[in-house]
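Here is what each chain is made of, one letter per residue.
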Amino acid sequence: MDPKKEAEKLIEEMEAEKGITLDAEFREKLKNEIAEKIKSEIERKKREAKRKVEKEGEEYFIRFSLNIRLQHLTLAIGVILLIITGLPIKFHESKIAELFFDLIGGIQVSRILHRIGAAMLIFVSIWHTIYIAFTEEGRNEFKELLPRKKDFLDFWQNIKYMLGKTNERPKYGRYSYIEKFDYWAVYWGVVIMVLSGLILWFHNFFLGIFPKFVFDIAKEAHSDEAMLATLAIVIWHWYNAHFNPHIFPFNPTIFTGKISKERMIREHPLEYERIMKEKLTREEKSDER
Amino acid sequence: MIWILMFFILIVNQANSQLKNQRCFVCHGVKNFGIVEQGKFKSLYVSKEDFEASVHSKFACVSCHVDVRVIPHLTKPQKIHCLQCHFEGNVVGAPVAAKPEKYKESVHARALAKGKNAPDCKDCHTIHYVRKPEDPNSSVYKTKIPELCGRCHQTIKEGYYNSIHWTGITRGELSAAVCSDCHREHDILPPEDPRSSLNPKNVVGTCEKCHSDVKLMKRVGIPVKNPEAYKESFHGIALKFGVVRAANCASCHGYHDVLPSRDPRSPIHPANLAKTCGKCHPRANENVAKGKFHVLPSEKESGIVYYVYTFFKWFTLIVLVGLFTHIVLDLVGHIRRKRKTTGE
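The shown structure was predicted, so the numbers you read here are calculated from the model rather than taken from an experiment.

## Here we look at the overall build of chain B
Within chain B, the regular secondary structure consists of 16 helices and two strands. A globule of 344 residues ought to have a C-alpha radius of gyration of about 20 Å, yet chain B, at 31 Å, is considerably larger. When its C-alpha atoms are laid out on the principal axes, chain B stretches across 120 × 65 × 35 Å. Counting all 344 residues of chain B, 33% fall into the buried class. The long-range fraction of contacts in chain B, counting pairs at least 24 apart against all pairs at least 6 apart in sequence, stands at 44%. Element-wise, carbon and sulfur atoms account for 61% of the exposed surface of chain B, whose accessible area totals about 22,000 Å². For chain B, the distance from the average site of its 49 positive side-chain charges to the average site of its 31 negative ones is 3 Å.

## Remarks on the overall build of chain A
A count of helices and strands for chain A gives 13 helices and two strands. By the compact-globule yardstick of 19 Å for 289 residues, chain A is too spread out, its C-alpha radius of gyration being 31 Å. Overall size of chain A, expressed as C-alpha extent along the three principal axes, is 110 × 55 × 45 Å. With 289 residues in all, chain A has 36% of them scored as buried. Counting only contacts in chain A whose residues sit at least 6 apart along the sequence, the fraction spanning at least 24 positions is 65%. With an accessible surface of roughly 18,500 Å², chain A has 65% of that area assigned to carbon and sulfur atoms. Measuring between centres, the 46 positive side-chain charges of chain A sit 4 Å from its 44 negative side-chain charges.

## Describing the packing of helix α6 (residues 136-145) of chain A against helix α8 (residues 177-201) of chain A
Residue and element names in this part refer to chain A. The geometry of α6 relative to α8 is characterised by a closest axis approach of 10 Å and an angle of 110° between their N-to-C directions. Taken together, the axes of α6 and α8 are roughly perpendicular relative to one another. Each of F142, E144 and L145 in α6 lies in contact with α8, whose residues at this interface are K180, Y183, W184 and Y187. Taken together, the residues of the contact of α6 with α8 break down into five nonpolar, no polar and two charged.

## Thoughts on the domain arrangement of chain B
In many analyses, interface size is given as the accessible surface area lost on bringing the parts together. Assigned domains within chain B: domain 1 (1-80), domain 2 (85-183) and domain 3 (304-332). Here the C-alpha centre of domain 3 of chain B lies 57 Å away from the C-alpha centre of domain 2 of chain B.

## Concerning the pattern of salt bridges
Tallied over the full model, the rule gives 32 salt bridges over all chains. Close ionic contact of R274 of chain A with E278 of chain A constitutes a salt bridge, the shortest N to O distance being 3.2 Å. Residue R274 of chain A and its partner E278 of chain A are located together in helix α13 (residues 269-288), separated by four residues, close to a single helical turn. For E278 of chain A, a relative accessible area of 37% puts it in the partly exposed group. Ionic pairing is found between D120 of chain B and K122 of chain B, a salt bridge with its closest N-O pair at 3.4 Å. The class for D120 of chain B is buried, based on a relative accessible area of 18%. Through salt bridges with shared partners, a single network forms among R63, E141, R174, E179, E271, R274 and E278 of chain A.

## Concerning the interface of chain A and chain B
With 49 residues of chain A at the interface, the matching set in chain B holds 43 residues. Approximately 4,200 Å² of surface area, both sides summed, lies buried where chain A meets chain B, with 69% of it carried by carbon and sulfur atoms. The three residues of chain A that bury the most area against chain B are H92, M162 and K212 of chain A, which together make up 17% of that side's buried surface. Here chain A is connected to chain B by zero salt bridges. The interface formed by chain A and chain B holds 17 residue pairs in polar contact (both at pLDDT 80 or more) in total. Those elements giving two or more residues to the side of chain A that touches chain B turn out to be α4 (95-104), α5 (107-134), α7 (149-163), α8, α9 (203-206) and α10 (212-243) of chain A. Here the element with the most residues in the side of chain A that touches chain B is α10 of chain A; it accounts for 15 residues. Looking at the side of chain A that touches chain B, its residues break down into 29 nonpolar, 11 polar and nine charged.

## A short note on helix α1 (residues 21-28) of chain B
All names here are of chain B. Those residues of α1 that sit buried are N21, C24, F25 and C27. The arc that holds every buried residue of α1, seen down its axis, measures 160°, which confines them to one face. On its buried side, α1 packs onto α2 (48-52) and α3 (61-64).

## Considering the domain arrangement of chain A
As far as domains go, chain A holds domain 1 (3-58) and domain 2 (61-282). On a C-alpha basis, the centres of domain 1 of chain A and domain 2 of chain A stand 59 Å from each other.

## Here we look at the side chain of R131 of chain B
Among the structural elements, R131 of chain B can be located in the loop between α5 (121-125) and α6 (145-150). For R131 of chain B, the contacting residues outside a window of four places in its chain are D50, A53, S54, V55, N137 and S138 of chain B.

## Description of the nonpolar core
If you look at the biggest cluster of nonpolar residues, it comprises 14 residues, and the most contacted ones within it are F101 and I107 of chain A together with V204, L239, F241, V243 and A246 of chain B. Setting aside chain neighbours within four positions, we find V204 of chain B in contact with Y230, K231, L239 and C249 of chain B.

## Here we look at the packing of helix α3 (residues 66-90) of chain A against α10 of chain A
Residue and element names in this part refer to chain A. Contact pair α3 / α10: the axes reach a minimum separation of 11 Å and the direction vectors enclose 125°. Compared by their axis directions, α3 and α10 come out oblique. Helix-helix and strand crossings are classified by hand; for α3 and α10 the assignment is left-handed. Only S223, D224, M227, T230, I233 and H237 of α10 make contact with α3, whose side of the interface consists of H72, V79, I83, L87 and K90. Residue classes in the contact of α3 with α10 are distributed as five nonpolar, four polar and two charged.

## Things to note about the confidence of the model for chain B
Any region with low pLDDT has predicted coordinates that should not be read closely. On average, residues of chain B score 89 in pLDDT, and 94% of them are at 70 or above. Per-residue pLDDT stays below 50 along residues 1-18 of chain B; that stretch engages in 19 contacts with residues further than four places along the chain or on separate chains.

## Quick word on the environment of N226 of chain B
Residues and elements named next belong to chain B. Inspection of the secondary structure assignment puts N226 in helix α12 (residues 226-232). Among the residues examined, N226 registers a relative accessible area of 23% and is labelled partly exposed. It is 20 Å that separates the C-alpha atoms of N226 and N272, two residues lying 46 residues apart in sequence.

What counts, and at which threshold
- Residues numbered from 1 in each chain as written.
- Chains lettered and ligands numbered in written order.
- Predicted model: local features only at pLDDT ≥ 70, side-chain atom pairs only at ≥ 80, totals over all residues.
- Heavy atoms only, no water.
- Helix = DSSP H or I, 4+ residues; strand = E, 2+ residues; numbered from the N terminus.
- Rg over C-alpha atoms; globule rule 2.2 N^0.38 Å.
- Buried < 20%, exposed > 50% of the residue type's maximum accessible area, 1.4 Å probe, protein only.
- Contact = heavy atoms within 4.5 Å.
- Areas by Shrake-Rupley, 256 points an atom, 1.4 Å probe, with all protein chains shown as cover.
- Lys, Arg positive; Asp, Glu negative; His and termini not counted.
- Charge placed at Lys NZ, Arg CZ, Asp CG, Glu CD.
- Axes fitted to C-alpha atoms, helices over the stretch in contact; angles between N-to-C directions.
- Parallel < 35°, antiparallel > 145°, perpendicular 65-115°, else oblique.
- Nonpolar A, V, L, I, M, F, W, Y, C, P; charged D, E, K, R; others polar.
- Domains from an automatic or database assignment.
- Salt bridge = Lys/Arg side-chain N within 4 Å of Asp/Glu carboxyl O.
- Buried area = accessible area lost by both parts, 1.4 Å probe.
- Polar contact = N/O pair within 3.5 Å; in protein donor to acceptor, adjacent residues only side chain to side chain.
- Arc of directions from axis to C-beta.
- Core = buried A, V, L, I, M, F, W, Y, C linked by side-chain atoms within 4.5 Å.
- Left-handed = near helix turned anticlockwise from the far one by under 90°.
- pLDDT = per-residue confidence, 0-100.

Structural data, given as structure tokens:
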């Protein structure tokens, strides 16, 4: 839209309506003035729209720190690597296993990838232990993740809500009982997988130490717990984090760290309240000053 | 070359009429019949009774010796070869079930072609007295095979005679393995050949022919699930996907002199296991004997491993049923609420 043409059109309309013809010099002046006005009006509108977008952008909360995000990313990549190189060994009879080993360049390549995945899992376990033991942020997160009585009440409330007995959703804090379950399940899984996995990895070393049946137990536990963990991740964790109808098909929060205000209120109302209260007291304090 | 004909009586028949075997035996049926060839006596005697008990008794001598047209024949008949008849698709009905043609690819045929001393058909099957392998008088009857192969492979024969397989044969268990059960009969190939029954990739399949046979293993009192359990092991899986240095059956059990674990000479006797495993796993010690071998975790005999298996089976089932129920409840609840709000 050209402001000058628009102004010309307006003047013509006015002339036709009143049945007059304006002086050429005045007409030119008027046209320029109207064009200027239109131009500034458009710019104002644009600025306003931009500000609105920015304001909406501000309505996000940072849910996860970069540290947590990187821990999760390392864990996720490591575990996926372990699953895709581990399952073909468990299901070695299947055609897919053969296809996979052909594709990747043999079972020897797959073994190396599995150990890279294992190293990532062990690394992130150590990293996380240091994080929750020696950083302020880590200690706080750990405290938030400890199970408490409210989680069992929330669980009960959620069952009633899901069954339609009540319309009141349980009010979660920073972590719901579902998220806490996922967190603690990883401890169980990592302890079993890493211990049994290390025995199998360094079998030549451990052969001098453990009797043969320990290796049999390690192999069985590694294989069975792998299955349990894979199913729990693919079915349970992915449903609750990504595939449930509220967020389907993908929840970027664990990767970007950001969560929208709307989701914050719906999913973590108590944390939202706490943050808002803190903000309010901060503002009050600064006002007093 | 000197020819000495010992007998010469019969009327000479003209070429086209078929010569009866009877006429051949007039000369060849005499025990001392023979020639001196390169200074050595060479018998040309053929036992009539033995020939008539052979699978070829219905055939005329001249069916094979086609170049003998008149009697007495004055020239040495051409050498004949069994594969003249025993080839795939022959019209005379010569059996080829054991694939005699494969002999041509075998180590024996290749050695022979290089001018080495190696057996061909007649060395195992005899020339004129071929009988069915099932016939106890056959040169290739099961119990005679180790002796037959042992004529050349002497040290291996001695090792084999110590094995549990030969003990089985001597006890009358004729399903026990002899040379040909593992090495095959005609297409004997070196283990390096991927087609060989004894190539590392094929060893398990070769042992399994008998050791996965439920009836046979029950009869001889050996657990039949051993090969299956082996295939589930890391050794078995690695081997299946081409890691040929992974242990196969023979790596631990030995082969010609294979013995059960209760025999102190056996490499899998508990006292010898450390040494046997130590061939690949240098730190192996007496610990490797403390556990069960070739038992599936799903079987109670596997002891503590069975309980680990059972624990995880139920634990996984219960956890997943719980998680799945939670997901279904969540989904159903969500759909119900959505329908309510849109319905209002």
